[in-house]
Structures are given as C-alpha cells and as structure tokens.
Amino acid sequence: MQNTAYRVPFGKGELEFRLPPGMRGTLARSRNVEPVPDLEKAVRRALANPIHSPPLSELASPGQKACILFTDITRASPDHVLVPALLSELEGAGVKPEDIALLCATGMHRPSTAEEKALKLGKNVADRYRVLDHEPTNPGALAEIGRTESGVPLAVNRNVHEADLVI
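Read on for an overview of the structure. Just so you know, these numbers come straight off a predicted model, no measurement behind them.

1. Some words on the pattern of salt bridges
Here comes step 1: Taken as a whole and judged by the stated rule, the model has 9 salt bridges.
Here comes step 2: The partner of arginine 128 in a salt bridge is glutamate 91, with the nearest N and O atoms 3.6 Å apart. Remark: glutamate 91 occurs in helix α3 (residues 79–92) and arginine 128 occurs in helix α5 (residues 123–128); sequence separation between them is 37 residues.
Here comes step 3: Its salt-bridge partner being aspartate 133, residue lysine 117 comes within 2.9 Å of it at the nearest N-O pair. Taken together, the residues span a long stretch of sequence, with lysine 117 in helix α4 (residues 114–121) and aspartate 133 in strand β5 (residues 130–133) at a distance of 16 residues.

2. What about α3?
In an α-helix, one full turn covers 3.6 residues, which means residues spaced three or four apart are oriented alike.
Here comes step 1: In this model, α3 (14 residues) spans 19 Å end to end at C-alpha, consistent with the 20 Å of a helix rising 1.5 Å per residue.
Here comes step 2: Phi turns positive one or two residues past the end of α3, at glycine 94, with a value near 100°.

3. Here's the deal with the pairing of strand β3 (residues 66–71)
Here comes step 1: The pairing of β3 with strand β4 (residues 100–105) spans 6 bridges and is classified as parallel. Within β4, the position partnered with phenylalanine 70 by the bridge is cysteine 104.
Here comes step 2: Bridge analysis of β3 against strand β8 (residues 165–166) gives 2 bridges, and the strand direction is parallel. Bridge assignment links alanine 66 to a residue of β8, and that residue is leucine 165.

4. Thoughts on the environment of histidine 80
Here comes step 1: Note that histidine 80 resides in helix α3.
Here comes step 2: For histidine 80, a relative accessible area of 45% translates into the label partly exposed.
Here comes step 3: Between the C-alpha atom of histidine 80 and that of arginine 24, which follows or precedes it by 56 residues, the distance is 38 Å.
Here comes step 4: When sequence neighbours within four positions are dropped, the list of residues in contact with histidine 80 reads Leu119, Lys120, Leu121 and Gly122.

5. Side note on the packing of aromatic side chains
Here comes step 1: Scanning all chains against the criterion turns up 1 aromatic pair.
Here comes step 2: When the centroid spacing of 5.6 Å and the interplanar angle of 20° are considered together, the rings of tyrosine 6 and phenylalanine 17 count as stacked. Of this pair, tyrosine 6 sits in strand β1 (residues 5–10) while phenylalanine 17 is found in strand β2 (residues 13–18), placing the two residues 11 residues apart along the sequence.
Here comes step 3: The exposure class assigned to tyrosine 6 is buried, which follows from its relative accessible area of 15%.
Here comes step 4: By relative accessible area, which is 32% here, phenylalanine 17 ends up partly exposed.

6. Some thoughts on helix α1 (residues 39–48)
Here comes step 1: Restricting attention to buried positions, one finds in α1 the residues Ala42, Val43 and Leu47. Considered in projection along α1, the buried side chains sweep an arc of 135° and stay on one side of the axis.
Here comes step 2: Among the structural elements, α3 are those in contact with the buried residues of α1.

Definitions and cut-offs
- Residues numbered from 1 in each chain as written.
- Predicted model: local features only at pLDDT ≥ 70, side-chain atom pairs only at ≥ 80, totals over all residues.
- Heavy atoms only, no water.
- Salt bridge = Lys/Arg side-chain N within 4 Å of Asp/Glu carboxyl O.
- Helix = DSSP H or I, 4+ residues; strand = E, 2+ residues; numbered from the N terminus.
- Expected span 1.5 Å × (residues − 1).
- Pairing = 2+ DSSP bridges.
- Buried < 20%, exposed > 50% of the residue type's maximum accessible area, 1.4 Å probe, protein only.
- Contact = heavy atoms within 4.5 Å.
- Phe/Tyr/Trp six-rings, centres within 6.5 Å; stacked < 30°, edge-to-face > 60°.
- Arc of directions from axis to C-beta.

So, in structure tokens, the structure goes:
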C-alpha cells in the first residue's frame, strides 16, 4: 500500500505528514471565491442592512454593556476591519468605550499574545479597548447557566453572560 504524503496549510507555510499504514485521508479544499473588492464598504453596507435583524445602531443604546467576540490568530477573519466598524456603530448609538469588552474567542486554544491581539484588531483598537481572552479552564471567568437534561453543567464566558449586547 502506498504511503502518501499529505501537505496542508499551517501557519505561514505548510505541514507535511504521512498517515500510519492502512489509513488514508481525503484533503478537503475550500473553493476559490473572488475577493470582495472593497471590504470596508461591504462591511458598512452589511451593518446598515443586516439580514433578519434591526441594525446594530437600533439594538445598542447608552448605558448598555457590550461584548464583541473576535477570532483568535488561528482564523483568517478580517477582524481588523470588522471590529472597528462594530465599535463605530456601538459608539454612534451611545455605548461608551469603557462599557465595551473585546473577547478573543480562543475556545480551548492557548491565550493570545498582545502582538496577536494587535494583529487581529489593529494596534489602535487593541490599545484603546479592554481586550480579553476566553479562559475555558478558569471557573472564575465562567458563569454557570444550567445543566443539560443528562446533568452536564453548562457555562459561558462571564463577560458574555453579563453583557446586554453580544456580537
């Protein structure tokens, strides 16, 4: 049996590996799509005309606590464009910067570094706002919200639980 080498994107390069004898893999590839020509304009248009929701400017109001979740460095999401646009909408609706938390949705990944947060959000945003990491193994960072039918406890990030508006 042929022991095929697999190559997958990893970090800024590639990772090559072989599966143990008797195993085979299928490499799933994303389909190619045309890049959005003006991402900032597209984001503004989407915020002005959301699907099945009132605009954020109508959902937010002064005095509210807001929590914006953003992806960690392992995800290729343009958070440096998305988050500033969301912040602009929130502040335009009267939400104060000190009432906004930016939560890196790390899942079970390691905490993000300050450099990674600045890359994901832009240095100005990372320096101006309260930027936190999800801490899945820290009970103090979680809020219990109940149990499943089988008795498994459910918990969410405390910043998300205590926010009036979660994005």
